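Residue strings, one per chain:
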Amino acid sequence: MEKTKILLTALCLSAAACSAPQKEAAVALNTDCESCTVSYLGPQGTYTEEACELFFGKKDVCTPYTTVPEAAEAMCEDKTEYAVIPQENTIGGAVIDYVDTLISLKGVSISGEVELPISQNLLVRKDTALSDIKKVYSHKQGIAQSKQWLEQNLPDAQVIEVSSTAEGARMVAESNEADIAAIASKGAAEVYGLEILAAAIQNNDNNQTRFYILSEHEPATEDAERLAFIAEGSAKDLPSLMAEMEKQKMTLVTLHDRPLKTELGQYFYLIECAACTYADYQKLTENSPFTFTYLGSFNVKRP
């Protein structure tokens, strides 16, 4: 209960901080920053840090925060210019808490996207055998992505959710217990001096996570690889919205629904499209029963 209160408080603070007018328009969609600052879900060694490095090309501009709401709040308070958040995984699906964070923020745009292949690994202290392990720590996405391997190889181990995969690795490294392990990245193993006891334990080899690069810049409207927006309204009107998107030849990339928390059947829809322009988006919003929030056009960075 206390954890939920903390998360909700952080979301409210972020929403309030980001309600100020937006800054200058984003120009560089695939940003290669020399002086920009970036907040992300830490500690060091998370996949979000990898996404930061891939997109911005430099590690020293990135600052870790304990939670995604805190990383977003840092951006809203002008401590950083960008925030990087995970939003969808091939196996685990939408990262609901982080989608909620994005929806709650006002005056925020999407400046870019990263699609990162994810390889989960079982990390341990030196001389730990598989038969020793009684507890496994990881983020809930790391747990979901490795569920089959855990069921087959560690069926009796207690699986414990923590704030990030790297946090699980840090806990293992700093513990004196010899019967614990973490599910995390190869980078986390290097950062925390752990050994990879089992590599690539994710449920399939096509495991990827999609990350958004958030900013307070005015949402870009120039043609780009992707375009995203939030549609707020009734589920009964969604088929007509999809039909209009098809009519505009807008290719749906992803759609996440989150409850409006007002009445049943009312939702926020976070929608990402490809093969479309800002003019297509504007036409989509004409005479629509939905309330729209435009998030921007942007390109996707891949390894």
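Above this note sits the structure.
Residues numbered from 1 in each chain as written. Predicted model: local features only at pLDDT ≥ 70, side-chain atom pairs only at ≥ 80, totals over all residues. Heavy atoms only, no water.

Peer 1: How should empty space enclosed by the protein be read in this particular structure?
Peer 2: Over the atoms a probe the size of a water molecule is rolled, and this reveals where empty space is left. Taken as a whole and assessed by the stated rule, the structure comprises 1 cavity of 30 Å³ or more. In this structure, the largest cavity spans a volume of roughly 200 Å³. Around the largest cavity, the lining is made up of 19 residues, and of these Y47, P86, H139, Q141 and T165 lie nearest the centre. At 3 residues, the largest contribution of residues to the lining of the largest cavity is made by helix 5 (residues 140-145). Partitioned by chemical class, the residues of the lining of the largest cavity number 7 nonpolar, 12 polar and no charged. (1 Å grid on protein atoms, 1.4 Å probe; cavity = no way out; pocket = protein on both sides within 12 Å on 5 of 7 lines; lining within 4 Å. Points joined across faces, edges and corners; volume = space filled by probe spheres on them. Helix = DSSP H or I, 4+ residues; strand = E, 2+ residues; numbered from the N terminus. Nonpolar A, V, L, I, M, F, W, Y, C, P; charged D, E, K, R; others polar.)

Peer 1: What is the right way to read the sheet that holds strand 8 (residues 135-138) from this model?
Peer 2: By way of backbone hydrogen bonds, the strands of a sheet pair with one another, either parallel or antiparallel. Overall, mixed pairing links the 5 strands, which are arranged 9-8-10-7-11 in an open sheet. In this open sheet, the two strands that pair with only one neighbour each are strand 9 (158-161) and strand 11 (195-198). Shown here is a sheet whose adjacent strand axes are inclined to one another by a mean of 35 degrees, direction ignored. As defined by bridge partners, strand 7 (residues 121-124) adjoins strand 11 across 3 bridges and the pair is classed as antiparallel. Residue pairing in the sheet places V124 in a bridge with E195 of strand 11. Contacts between helix 7 (residues 165-174) and the sheet are confined to strand 7, strand 8 and strand 10 (180-184), with strand 10 contributing the most and set at about 155 degrees to the helix. (Pairing = 2+ DSSP bridges. Axes fitted to C-alpha atoms, helices over the stretch in contact; angles between N-to-C directions. Contact = heavy atoms within 4.5 Å.)

Peer 1: Just checking my understanding: could you explain the pairing of strand 14 (residues 226-234) for this structure?
Peer 2: The side chains of a regular strand alternate, first on one face of the sheet and then on the other. Of all 9 residues making up strand 14, 8 are buried, and the element is well covered by its neighbours. Bridging between strand 14 and strand 16 (residues 266-274) involves 9 bridges; their strand directions are antiparallel. Opposite E232, over in strand 16, you have F268 as the bridge partner. Direction of pairing for strand 14 relative to strand 17 (residues 291-298): antiparallel, over a ladder of 7 bridges. Opposite L227, over in strand 17, you have S297 as the bridge partner. (Buried < 20%, exposed > 50% of the residue type's maximum accessible area, 1.4 Å probe, protein only.)

Function cannot be inferred from these measures alone, as they are strictly geometric.
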